[in-house]
Amino acid sequence: MSNFPPLVFSGVQPTGNLHLGNYLGAIRKFVALQENNDCIYCVVDLHSLTAQLVHEDLPGQIRSIAAAFIASGIDPKAHIVFNQSAVPQHAELAWIFNCVARIGWMNRMTQFKDKAGKDRENASLGLLAYPSLMAADILVYRATHVPVGDDQKQHLELTRDIAMKFNLDYQAHIRNGGKGIDITVGEEPVHAYFPMVEPMIDGPAPRVMSLRDGTKKMSKSDPSDLSRINLVDDAETISRKIRKAKTDPDGLPSDVEGLAGRPEADNLVGIYAALADRTKADVLTEFGGQQFSVFKPALVDLAVSVLAPITGEMSRLLADTSHIDAILRDGGERARARAETTMREVRDIIGFLQ
Ligand code: TRP
């Protein structure tokens, strides 16, 4: 339905402590996609102000996401890795989208409702407008494919709504300028300036849970560091955390149904499966009937072989920031050039003098 050249875009907020859940849920997907696609990966520092206006170490948090991308294998020369605030065109397009999108659309976002809580009048305007900036991130490059977690699906639907309303509201101007691409929406031919983005939410992303409590998500804010594997942990630490991970007294079941009601066993089998790129059923075919005293060492070996090269490289990259800073500067320049090409056309479509 869309003839836009395929382009992958995704963003990750700068948060201090990246862990195994972030790696398996997002970064690993980004790495896989770069083989066959043009990709832009962004550290969304403007978005991070909606959660926390003042960061203890924002530069360090931005670098640590970029370092995780690079350590995991993203090629910053073939693709683009940059931080959002380096490209002011994101904020410029977000303003225009603020005037396209309706307050009602924003009020319906479940993430806004969750984060604003009961006292909505006191939430920042930025938190309400968050999805409009996210739409601008993607559409300022006219990106077509967006790998994200399931929780971002609603924001991507809103991105399509914004793109479509812009395309329709400015239809005559887009046709005049000859900058659009013919697409069909349902049966309707539309000369679209912005593509209808496709979410890439392949399969149920592994839900990585705390190593201390299999009913809670692995989280950077858990007070116990033993609850998570951080992307800066060395091999010895990864191994110790898995050996200490909570389990129950039984052996492993031979099928997935047998994991019901056993959240810790389910989590460790899920982590093994994700790291090995196998299904849980497949892992249980191998380990069903075995005790944790056998399974855990196997998981340690696997986790160390997959993660230690990444965590080692990430620590190295963060020890001397000049390399990461150069990558971000270069990515920012290339991103800015592409975003500016779009914004020149957008300003023209709208009728701003330039
Ligand atoms: N909202 C996304 C998240 O919290 C982060 C994000 C910002 C993003 N802009 C984006 C993701 C653009 C994909 C595309 O995970």
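Because the structure is predicted, anything quoted here is derived from the model rather than measured.

### A look at the packing of helix α1 (residues 20–33) against helix α3 (residues 58–72)
- With their axes 9 Å apart at the nearest point, α1 and α3 run at an angle of 60° to one another. As summarised for this structure, α1 and α3 are arranged oblique, according to the angle between their axes. As α1 runs across α3, the sense of the crossing is right-handed. Side by side, α1 and α3 meet where Y23, I27, F30 and V31 of the first sit next to A68, F69 and S72 of the second.
- A per-class count over the contact of α1 with α3 returns six nonpolar, one polar and no charged.

### As for the side chain of Q152
- Mapped onto the fold, Q152 is located in the loop between β4 (145–147) and α8 (153–169).
- Setting aside anything within four residues of it in sequence, one finds Q152 in contact with Q111 and M134.

### Some remarks on the pairing of strand β5 (residues 181–185)
- Both β5 and strand β6 (residues 188–192) contribute to a ladder of five bridges, which runs antiparallel. From the neighbouring strand, I181 faces β6, where its bridge partner is A192.
- Here β5 hands over to β6 after two residues, with G186 in that stretch at a positive phi of 65°.

### A look at the domain arrangement of the protein
- Taken domain by domain, the protein holds domain 1 (8–204 + 321–350) and domain 2 (225–317).
- Between the C-alpha centres of domain 1 and domain 2 the distance comes to 33 Å.
- With 17 residues of domain 1 at the contact, the number on the domain 2 side is twelve residues.
- Both faces considered, domain 1 and domain 2 share a buried interface measuring about 1,300 Å² in area, 73% of it formed by carbon and sulfur atoms.
- The largest contributions to the domain 1 side of the interface with domain 2 come from L20, Y23 and A71, which together make up 37% of the buried area.
- On inspection of domain 1 and its partner domain 2, the count reaches zero salt bridges.

### Quick word on α1
- For α1, built from 14 residues, the straight-helix expectation of 20 Å at 1.5 Å per residue is met to within 8% by its first-to-last C-alpha distance of 19 Å.
- Along α1, the helix axis deviates most sharply at I27, where the bend reaches about 40°.
- For α1, the tally of buried residues reaches ten of 14 residues, placing the bulk of the element in the interior.
- Within α1, the full set of buried residues consists of L20, G21, Y23, L24, G25, I27, K29, F30, V31 and L33.

### Considerations on the nonpolar core
- If you look at the biggest cluster of nonpolar residues, it comprises 57 residues, and the most contacted ones within it are L20, F69, L275 and F295.
- The element that contributes the greatest number of residues to this core is helix α13 (residues 292–319), accounting for ten residues.
- When residues of this core are assigned to domains, at least three fall in each of domain 1 (8–204 + 321–350) and domain 2 (225–317).
- With near-sequence residues (within four places) excluded, F295 lies in contact with L252, L268, V269, Y272, V283 and F287.
- Listed in part, the 54 residues of the second largest apolar core include L93, V100, V146 and V190.

### Here we look at the site of the ligand
- The environment of the ligand is made up of 13 residues, and the closest members are H47, Y130, M134, D137 and Q152.
- A distance of 2.7 Å separates a nitrogen atom of the ligand from a polar atom in the side chain of D137.
- Side-chain polar atom of Q152 to a nitrogen atom of the ligand: 2.9 Å apart, as the coordinates give it.
- Its free accessible area being 360 Å², the ligand has 88% of it covered by the protein chains.
- Elements that contribute at least two residues to the shell around the ligand include exactly β1 (8–12) and α7 (125–139).
- The element that contributes the greatest number of residues to the shell around the ligand is α7, accounting for four residues.
- In terms of residue class, the shell around the ligand is built from seven nonpolar, five polar and one charged.

### Considering a nonpolar patch on the surface
- A contiguous nonpolar surface patch, about 330 Å² in accessible area, is contributed by L49, L53 and V54.
- Inspection of the secondary structure puts V54 in the loop between α2 (45–48) and α3.

### So, the side chain of Q61
- Its location among the elements puts Q61 in helix α3.
- A polar contact of 2.9 Å, which involves the side chain of Q61, links it to the side chain of H55.

Definitions and limits used
Numbering of residues starts from 1 in every chain and runs along the sequence as written. In keeping with the predicted nature of the model, local features appear solely for residues at pLDDT of at least 70, side-chain atom pairs appear and are counted solely at 80 or more, and the whole-chain, interface and lining totals rest on all residues. To obtain the side-chain values, all non-hydrogen atoms of the structure were included, while hydrogens and water were left out. In this description, a line fitted to the C-alpha atoms serves as the axis of each element, helices being fitted only across the stretch in contact, and the angle between N-to-C directions of two axes falls anywhere from 0 to 180 degrees. Strands here mean DSSP runs of E at least two residues long; helices mean DSSP runs of H or I at least four residues long; both are numbered from the N terminus. The scheme is simple: roughly parallel for angles under 35 degrees, roughly antiparallel for over 145, roughly perpendicular for 65 to 115, oblique for anything else. For a crossing to be left-handed, the near helix must be turned anticlockwise from the far one by less than a right angle; the clockwise case is right-handed. Pairs of residues are marked as contacts when any of their non-hydrogen atoms sit within 4.5 Å. Side-chain classes follow a simple rule in which Ala, Val, Leu, Ile, Met, Phe, Trp, Tyr, Cys and Pro form the nonpolar group, Asp, Glu, Lys and Arg form the charged group, and the remainder, Gly included, forms the polar group. Two strands form a pair only when DSSP identifies at least two bridges running between them. What fixes the domain bounds is an automatic or database domain assignment. Values labelled buried area give the accessible surface lost by two parts on being combined, using a 1.4 Å probe and summing over both. When a carboxyl oxygen of Asp or Glu lies within 4 Å of a side-chain nitrogen of Lys or Arg, that pair is called a salt bridge. One less than the number of residues in a helix, times 1.5 Å, gives the span that helix is expected to have. What is called the bend at a residue is the angle between a pair of axes, fitted to the seven residues leading up to and ending at it and to the seven starting from it. Partly exposed describes any residue whose relative accessible area lies between the buried limit of under 20% and the exposed limit of over 50%, with all areas from a 1.4 Å probe on protein chains only and scaled to the type maximum. Think of a nonpolar core as a cluster: buried Ala, Val, Leu, Ile, Met, Phe, Trp, Tyr and Cys residues, connected wherever their side-chain atoms sit within 4.5 Å. Proximity is defined per residue: any heavy atom of the residue falling within 4 Å of a molecule or strand makes that residue near it. For this analysis, a polar contact is any N or O atom pair within 3.5 Å, provided that within protein one partner can donate a hydrogen and the other can accept it, and provided that sequence-adjacent residues contribute only side-chain to side-chain pairs. Here the open area of atoms and residues is found with the Shrake-Rupley method and a 1.4 Å probe, where only the protein chains shown may cover a residue. Residues forming no salt bridge and having over 30% relative accessible area are the ones grouped into patches, like charges within 9 Å of each other and nonpolar side chains (Val, Leu, Ile, Met, Phe, Trp, Tyr) within 5 Å.

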